[in-house]
Amino acid sequence: MQTKDNKRNLRRDMLLRLRSVPTELRNEQSAQLCRALAPFLNKGQKSLTVAIYAPMAHEVNLLLLLSMYPQHRFAVPRCRAARRMDFYHITRPEEQIQPDSRNIPAPIEGLTYIPPQQFDIIIVPGVAFTTQGARLGYGGGYYDTYLPQCPQATLIAAAFPCQIVESIPTEAHDLTIPHIITPSNFRQ
């Protein structure tokens with residue numbers, strides 16, 4: 001129970017920290033992080049299928065990638081019951097993403113479903129990360145449940161500097177993200 005309490009406390013503190021980042025700085029660092037993903041997304045003429053997420057106000061805005069990499073197919077998740085999540089192809093986020101019943105940005109109904117085995121890259125959200133790849137999510141377990149279905153995909157997290165911590169309490173079901181990208185470990 002102590003690990004769960006430690007996670008809950010860290011999550012609360014990190015969300016307060018994230019929400020205090022000025023909008024201008026968040027926008028600037030989101031653009032830097034999207035550019036930092038170039039080594040993963042520049043695969044010549046090959047079109048990739050990439051899972052991203054529609055950002056909440058305090059998160060990295062990855063929607064910029066759609067205009068930067070029009071050759072790729074991007075998808076965002078919709079959370080379902082029982083820690084289940086499905087991804088749907090988006091091309092026009094301003095029209096195709098709306099807040100769900102929990103006020104989380106999600107794809108509208110009627111978009112093309114993308115099965116887990118089709119993803120080449122999954123950019124995973126989180127509240128905090130370590131440089132070794134430990135991740136603290138939002139506590140719902142959606143990505144910990146979904147990612148094992150995608151062993152072929154490269155897992156990446158794009159994080160603001162304030163999201164990097166020295167350690168994160170982990171449990172057996174917590175997955176490691178091999179690539180943690182921050183503005184400070186990216187050179188333009």
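Please read these numbers as outputs of a predicted model, since none were measured by experiment.

Novice: How would you explain the overall build of the chain if you had to name every residue and give the values?
Specialist: Summing up its helical and strand segments, the chain has six helices and eleven strands in all. The C-alpha atoms of the chain give a radius of gyration of 16 Å, which matches the 16 Å a tight globule of 188 residues would have. Each principal axis of the C-alpha distribution contributes one length, and for the chain these read about 45 × 40 × 30 Å. The burial tally for the chain puts 50% of its 188 residues in the buried class. Within the chain, contacts between residues separated by at least 24 positions form 72% of all contacts whose residues are at least 6 apart in sequence. Roughly 9600 Å² of accessible area belongs to the chain as shown, and the carbon and sulfur atoms make up 50% of that amount. Of the side-chain charges in the chain, 20 are positive and 15 negative, and the distance between the mean point of each set is 3 Å.

Novice: Talk me through unusual backbone geometry; I want residue IDs and the actual numbers.
Specialist: Its identity as a non-glycine residue notwithstanding, N103 has a phi of 70°, on the positive side. Tracing the sequence through the fold places N103 in the loop between β4 (97-99) and β5 (105-107). Judged by its relative accessible area of 57%, N103 is exposed.

Reading the values: the criteria
- Residues numbered from 1 in each chain as written.
- Predicted model: local features only at pLDDT ≥ 70, side-chain atom pairs only at ≥ 80, totals over all residues.
- Heavy atoms only, no water.
- Helix = DSSP H or I, 4+ residues; strand = E, 2+ residues; numbered from the N terminus.
- Rg over C-alpha atoms; globule rule 2.2 N^0.38 Å.
- Buried < 20%, exposed > 50% of the residue type's maximum accessible area, 1.4 Å probe, protein only.
- Contact = heavy atoms within 4.5 Å.
- Areas by Shrake-Rupley, 256 points an atom, 1.4 Å probe, with all protein chains shown as cover.
- Lys, Arg positive; Asp, Glu negative; His and termini not counted.
- Charge placed at Lys NZ, Arg CZ, Asp CG, Glu CD.

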